[in-house]
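One letter stands for each residue in the lines below.
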Amino acid sequence: MRVIVNLNQVVDRNFQCCCEGSCKRNQDVCLGTSFLKPRVGIIGRYVEIKADHYGKYTRTNYSITWYKNCKVYEEKTKSLQFGSVQSSDAGIYTFVLTLTHNGQHFNVSESTNLTVRDETEPVKPQIKGIGNITVYMEIGTNQTLECEAFVGFSKNNDWAEMYWLQENNTVSGDGTNNEDIFVDDCTEIIQSTCFKINRKFKEDHVTISTKLHIINAKEEDIKNPYKCVLKNLYSTDIKYFILMKKEQSGDISKTMFNRYIATILSCSVCIVMLVIVCILLKIEIILLFRRLMGKDETIGDSKEYDAYLPFLNHSLAEDDNQRQFALITLPTVLEENFGYKLCVFERDILPGGALADEINSYIDKSRRLIIVLGKNQTSDNALYELEAGLHKAMVERKIKIIVIEYTPQRELNVLLESLQLLNTNNRVIWRGSKSHPLNSRFWKKIQYLMPAKPSKPKTSLKTMLLLDSSN
């Protein structure tokens, strides 16, 4: 069987040495005053002192002895009972519980200091705690202040009251301070500053506790301290509760934290949505910005044309609609509706000159090179035109290229490797009837890729007829 030995065992040995005279120890150590339990008895009343933890050790062999002031007082009883306690009964009572296990003895003990007083002796009430209390709080919040006090030994005869006052530091007309303000008792529903009282009755004393509920704190609560007042027939005790405005710090309340988190999440969602919208409407936003700002990239660049269109008659197109789109519809819409100036070889270049020199010259005069990809059998001259433009764009960095996929790349029978190296952001796909309207994404992206310049778009009947015929 395992025996649990109390941590007071060392004190128990000191106690036995002192009481039995087997060794000399200091009397204070013998009594173990640092471990004394206080107990107050009223003359003529019943008092009982129990051997605490007695039941924990009764499963093994044991004996119990009571000592009064280190002298044997009584044996073989788990409690001392005084039917009518007297002044002579006051003293330090110690029980020693001796346990026997495997031939060894173990002691468990505890001491109680019994003091006896006259019932008629006046009791001075006392609020617990030392000094005044300072409480930090925020204006507009609620706060609860608690005050607890000892009021006596008898619940029947020791009368005491406890209440709250708020100091009134304002000055009256005659130069004197106004009287303090009494705080009201709380009702069932707490709607304003009030207090509640609770009495606690124990075996040997009576305490009163009160809670002051400050609702929606104001500047007046910060300026005027609260006083917890305790009084009986013999004395009065007061404790001040000084309210201070809480300074802003890194710590935030749970409510504010939740608000911050909700705000951050809302802002994050809004930012993500805004980014998505900006990505989806990037072209529309940039075109709107150009119109509002009147941006013009063509000023001072010594270029004559906004774009060069190298789809020539000697590029033998198999599709008449494709040829109609590349040579008529595309230039007409860009020039008449969006105000651009294009260079089309068949229309703008006079015959008779050296073809290679003419191509290089007009590409150098243009800001963009528009390449229309379609099903065709490209001649040597057309290939040279494309390669010259691609060289200036990709090597010399003198011109930017716009690729229009009139026919999807997977259906093309001829495609230069250099075209495959172009940035896909510079590609625009013709989607037949979906691309007809001038406000379609096809024409918006063409404007986005073309140089920014002020223009006054207009829709003409001629343009509408051309768009219909290009399908």
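Cut-off values and rules
Residues numbered from 1 in each chain as written. Predicted model: local features only at pLDDT ≥ 70, side-chain atom pairs only at ≥ 80, totals over all residues. Heavy atoms only, no water. UniProt positions renumbered as here; feature names shortened; annotations may be inferred. Pairing = 2+ DSSP bridges. Helix = DSSP H or I, 4+ residues; strand = E, 2+ residues; numbered from the N terminus. Axes fitted to C-alpha atoms, helices over the stretch in contact; angles between N-to-C directions. Parallel < 35°, antiparallel > 145°, perpendicular 65-115°, else oblique. Contact = heavy atoms within 4.5 Å. Nonpolar A, V, L, I, M, F, W, Y, C, P; charged D, E, K, R; others polar. Core = buried A, V, L, I, M, F, W, Y, C linked by side-chain atoms within 4.5 Å. Buried < 20%, exposed > 50% of the residue type's maximum accessible area, 1.4 Å probe, protein only. Disulfide = S-S within 2.5 Å. Salt bridge = Lys/Arg side-chain N within 4 Å of Asp/Glu carboxyl O. Phe/Tyr/Trp six-rings, centres within 6.5 Å; stacked < 30°, edge-to-face > 60°. Lys NZ or Arg CZ within 6 Å of the ring centre and 35° of its normal.

An unreviewed UniProt entry annotates the chain as Interleukin-18 receptor 1 originating from Hymenochirus boettgeri. Per UniProt, the chain carries the Sequence similarities (unreviewed entry) text "Belongs to the interleukin-1 receptor family." According to the UniProt record, the Subcellular location (unreviewed entry) comment for the chain is "Membrane".

Undergrad: Account for the sheet that holds strand β14 (residues 206-214), naming residues and giving values.
TA: In space, the four strands of this open sheet follow the order β8-β10-β14-β13, with antiparallel pairing throughout. Two strands in the sheet have a free side with no partner beyond their single neighbour: β8 (126-127) and β13 (194-201). Strand direction decides the pairing type here: β8 and strand β10 (residues 143-152), joined by two bridges, are antiparallel. Note on β10: the bridge partner recorded for Q126 is F150.

Undergrad: I'd like a description of the packing of helix α6 (residues 320-337) against helix α11 (residues 441-449), backed by residues and values.
TA: For the pair α6 and α11, the least separation of the axes is 12 Å and the interaxial angle reads 70°. The orientation of α6 relative to α11 falls into the category roughly perpendicular. Between α6, through F325, L330, V333 and L334, and α11, the contact on the second element is made entirely by F442, W443 and I446. Among the residues forming the contact of α6 with α11, the class breakdown is seven nonpolar, no polar and no charged.

Undergrad: Tell me about the nonpolar core, residues and numbers included.
TA: Grouped together as the largest cluster of nonpolar side chains are 26 residues, with contacts concentrated most on L145, W164, L212, Y226 and L243. Elements that contribute at least two residues to this core include exactly β9 (133-137), β10, β11 (160-166), β14, β15 (226-232) and β16 (236-245). No other element matches β11, which puts five residues into this core. Beyond its immediate sequence surroundings of up to four residues, Y226 is in contact with W164, L165, Q166, V183, T193, L212, I214, D221, K239, Y240, F241 and L243. Ranked by size, the runner-up nonpolar core spans 24 residues in total, among them F338, V344, I402 and Y406.

Undergrad: Explain unusual backbone geometry residue by residue, including any values.
TA: With a phi angle near 75°, C70 is a residue other than glycine that sits in the positive phi range. Within the element layout of this structure, C70 appears in the loop between β3 (61-68) and β4 (71-75). The exposure class of C70 is buried, given its relative accessible area of 11%.

Undergrad: For the state of the cysteines, give the residues involved together with the corresponding values.
TA: Enumeration according to the criterion identifies two disulfides in this entry. Note that C147 is cross-linked by a disulfide to C228, the S-S spacing being 2.3 Å. Given an S-S torsion of about -95°, the disulfide between C147 and C228 has left-handed geometry. One end of the pair, C147, is in strand β10; the other, C228, is in strand β15, with 81 residues separating them in the sequence. Among the residues examined, C147 registers a relative accessible area of 1% and is labelled buried. At a sulfur-sulfur separation of 2.0 Å, the disulfide partner of C186 is C194. The chirality of the disulfide connecting C186 with C194 is right-handed, given an S-S dihedral of about 95°. For the residue pair C186 and C194, the accessibility class agrees, reading buried in each case. Each bonded cysteine of the chain gets a number by its place in the sequence, and the pairs then read 1-4, 2-3.

Undergrad: Describe the pattern of salt bridges, and please don't skip the residues or the numbers.
TA: Working definition: two side chains of opposite charge can pair if their charged atoms are close together. Enumeration over the complete set of coordinates arrives at eleven salt bridges. E284 is the salt-bridge partner of K444, the closest N and O atoms lying 3.7 Å from each other. One end of the pair, K444, is in helix α11; the other, E284, is in helix α5 (residues 282-293), with 160 residues separating them in the sequence. What makes K444 partly exposed here is its relative accessible area of 23%. D306 serves as the salt-bridge partner of K453, at 3.0 Å between the closest nitrogen and oxygen. Here D306 lies in the loop between α5 and β17 (307-309) and K453 lies in the loop between α11 and α12 (461-469), a separation of 147 residues in the sequence. Overlapping salt bridges, with partners in common, bring together D301, D306, R367 and K453 in one network.

Undergrad: If you had to explain the packing of aromatic side chains to someone new, which residues and values would you point to?
TA: Tallied over the full model, the rule gives 14 aromatic pairs. Seen from their ring centres, W164 and F241 are 5.2 Å apart, and the 50° between their planes marks the pair as tilted. In this pair, W164 is assigned in strand β11 and F241 in strand β16, connecting sequence segments 77 residues apart. Judged by centre distance (6.4 Å) and plane angle (15°), the ring pair of Y406 and W430 falls under stacked. Of this pair, Y406 sits in the loop between β22 (400-405) and α10 (417-420) while W430 sits in the loop between β23 (427-429) and α11, placing them 24 residues apart in sequence. Of the two residues, Y406 and W430, neither departs from the other in class, the shared state being buried. Pairwise contacts between aromatic rings join F325, F338, Y406, W430, F442 and W443 into one cluster. The side chain of K365 reaches across the aromatic face of Y362, ending 4.8 Å from its centre.

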